[in-house]
Each structure stands twice: as structure tokens, then as C-alpha cells.
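Notes for the structure review
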Amino acid sequence: MTEIVFALLFCVLLPFLFMAMLFPALEEHAPRQGNFRDKSVFVGLGIVWLLWILFIWMGEETIRVTGYLVPAWVSYVLPTLPLIMGACAFGLFDDWVGDNAYKGFKGHLRAVVHGKLTTGGLKMLGVGLIALVVSLSYYYNGLASLVTVLLSACVIALMTNLLNLFDLRPTRAHKAYLILLVPALVSVGLCARIALPPVDLVALAIASLGPVIAVWRFDARELAMLGDAGANAMGAFLGYLFATSLPFWGLVAAAAVLFIINLLSERFSFTRIIAEHESLDRLDHWGRTS
């Protein structure tokens, strides 16, 4: 049961305690902006993902140097460290100093054409490059594997951006993450290449809930925003789960679907679509306390 104890301690308890202690400082000093109701809230809850992956790394190092066997799920998740740290760092930079004059793929590309790299453009470029390196380290096995590498990088990068598109209402991004986490974990469990034992898969599921548990109450009460730092990090993690567990045809399908959804977001409002469907609207409001 070491696998589950590790997940509960390093991925659930520690992030929860640290965010509870950090909240007053963030509330006082973090940059603020108006939310969808123009209520002033601070942007910075996404830092929980940086804490989460660092706690996993510290736990792994502690176990390793003491001579105990590192849980298989920890070894599987650790390669996401640069990905999550990068997504969180670029997202936090965009949250705190970003220029909202340019939005979406078209906006950031238009800025580049005019010789200006926006913070959002830097985030897209940075996360994309890190996703490519992570995919290379996982899949590369000669020139024949390059298509798989590129598909994997696309899945990670597009999933990262997709979760960011849902961070427009309290808890919405978290709900999208939880819904997508189910098929992601099923895919990991069925993947022979990863071959996680059942107890490790359970531990991975528990660990994956840690950041959500740590900040849900602040998000639901409209005390703070998850921001790009959190939405990008959770999207990058989801993307990694799918990208490393899907077969080739699954990568093709996932990349195509994610690309289409991201493209449609340039023309259609997810918020309007949700509001026009009663079941989606009810789910969107569930759990919000204000």
C-alpha cells in the first residue's frame, strides 16, 4: 500500500496544507482582475500544480535514497515535471503580466506577423516545444517514429490549450479536467506499454485529484481564479496521460478532435453553448457556492 500512501501524502495532503497556508499571502499580494461578474479576485491558484509535481519529485528522491522501491506510477508521472513546471511558469507569466489585446491562435499569430511576441504566444510556443521534447524522449526510435512523436506533442499541446478555454467560470476547468481524467486513466490502465499494476492505477487516480482538492473551495467561492498557470498545467498533465497511452490510431483521432475543437473555439463561444443546454448549464453551476 506504499503506492497509495505516497499519493495521499505527497499529492493530496501536502498540496492542500500548503495552499491553505499560502492563500492569505496570495490574496493580499497576487495581481487581481475582474472575473465574469466583474468581481475582483486574485489570479494564482494554478501554483498548486507546481507544488504538486515538486512534491512528487521530492517524495521520489526521498524513497530512492532510502533504498525503498519507487512506486511504478511515480516513475510514470515524473517525466511530466518539466512539462507541468513549464506550463505553470508560462501560464503564471501570462496571468500576471499578459496583454489581453491579443486572444486565440489568430490573435497571437497576428502579433507575431507584426513582429511582436505576446505573453500568450510565448506560452503557446514554450509549451509546444516542451511537449515535443517530452514526446521525443518517450517515443523516438529512429526516423520512422517521428510521426508518432509529432502526434503525441500535438495531443499534449492542444489539450493544454483546451483546458485553458474552459477556465472562464468558477470550477468549469476543474470539471472538464475531472470528466476527461476518467477516459485518460482507463487508457493508461489498458496500455500494455505502461503496464501499471491495479494498486498503482488507483494511486495515480488519487494523486491526479490532489490539485483539484487543494483549491476547489477557493475557486467555487469565487475567491480566486485558477488562471492560465493552473488550466495549462492540468491540461498538459491530461495530454501526457493520453499521449503516452493511446495507440497510434488513437493519437491520430485525439489530435484531430482536439484540433477541431480548438479551431471551433475561435468562432463559437463555449459559454453560450453551455448556457443553451440545460444539462450542461446545470453541471456548470453545480458546486459553485456563489
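All of the points below concern the structure found in this document. Worth saying up front: this structure is predicted, and the values here are computed from it rather than measured. (Residues numbered from 1 in each chain as written. Predicted model: local features only at pLDDT ≥ 70, side-chain atom pairs only at ≥ 80, totals over all residues. Heavy atoms only, no water.)

Taken together, the side chains of Phe-259, Ile-260, Leu-263, Leu-264, Phe-268, Ile-273 and Leu-280 present a nonpolar region at the surface, about 630 Å² in accessible area. Along the chain, the position of Leu-280 falls in helix H13 (residues 278-285). (Patch = residues over 30% accessible without salt bridge, like charges linked within 9 Å, V, L, I, M, F, W, Y side chains within 5 Å. Areas by Shrake-Rupley, 256 points an atom, 1.4 Å probe, with all protein chains shown as cover. Salt bridge = Lys/Arg side-chain N within 4 Å of Asp/Glu carboxyl O. Helix = DSSP H or I, 4+ residues; strand = E, 2+ residues; numbered from the N terminus.)

Of all hydrophobic cores here, the largest spans 84 residues; its most connected members are Trp-52, Ile-56 and Trp-73. No other element matches helix H10 (residues 227-245), which puts 10 residues into this core. Apart from residues lying up to four places away in sequence, Trp-73 is in contact with Glu-3, Phe-6, Ala-7, Cys-11, Ile-56, Leu-196, Asp-200, Ala-203, Leu-204 and Ala-207. (Core = buried A, V, L, I, M, F, W, Y, C linked by side-chain atoms within 4.5 Å. Buried < 20%, exposed > 50% of the residue type's maximum accessible area, 1.4 Å probe, protein only. Contact = heavy atoms within 4.5 Å.)

For strand S1 (residues 32-34) and strand S2 (residues 40-43), the ladder comprises 3 bridges, and the chain directions are antiparallel. Note on S2: the bridge partner recorded for Gly-34 is Ser-40. In sequence, S1 turns back onto S2 through a hairpin of 5 residues, with Asp-38 there showing a positive phi of about 65 degrees. Here S2 runs beside strand S3 (residues 224-225); their pairing, made up of 2 bridges, is parallel. Paired with Phe-42 across the bridge in S3 is Ala-224. (Pairing = 2+ DSSP bridges.)

As a further point, take the sheet that holds S3. Read across the open sheet, the 3 strands follow the order S1-S2-S3; overall the sheet is mixed. The open sheet has two free edges, formed respectively by S1 and S3, since each of these has just one partner strand.

Now for the pattern of salt bridges. Considering all chains together, one arrives at 6 salt bridges under this definition. For the salt bridge of Arg-64 with Glu-60, the shortest nitrogen-to-oxygen distance reads 4.0 Å. Note that Arg-64 and Glu-60 are positioned in helix H2 (residues 47-65) at a spacing of 4 residues, about one turn of the helix. With a relative accessible area of 45%, Arg-64 lands in the partly exposed category. A relative accessible area of 10% means that Glu-60 is categorised as buried. Between Asp-94 and Lys-123 there is a salt bridge; the shortest N-O distance is 3.2 Å. Remark: Lys-123 occurs in helix H6 (residues 119-139) and Asp-94 occurs in helix H4 (residues 81-97); sequence separation between them is 29 residues. Relative accessible area serves as the criterion here: at 15%, Asp-94 is assigned to the buried category. Several salt bridges share partner residues, and in doing so they unite Glu-60, Glu-61 and Arg-64 into one network.

So, on to the environment of Ala-236. Mapped onto the fold, Ala-236 is located in helix H10. When the C-alpha positions of Ala-236 and His-285 are compared, they lie 25 Å apart, and in sequence the two are 49 residues distant. Contact partners of Ala-236, with chain neighbours within four places excluded, come to Leu-83, Ala-87, Ile-156 and Thr-160.

Unlike most non-glycine residues, Thr-171 shows phi in positive territory, near 70 degrees. Mapping Thr-171 onto the fold places it in the loop between helix H7 (146-165) and helix H8 (172-190).

Following the criterion strictly, the structure yields 12 aromatic pairs and no others. Aromatic side chains Tyr-138 and Tyr-139 sit 4.9 Å apart centroid to centroid with 75 degrees between the ring planes, which places their arrangement in the edge-to-face category. Three or more aromatic residues joined by ring pairs form one cluster here, namely Trp-49, Trp-52, Tyr-177 and Phe-237. (Phe/Tyr/Trp six-rings, centres within 6.5 Å; stacked < 30°, edge-to-face > 60°.)

On their own, these measurements won't tell you what the molecule is for.
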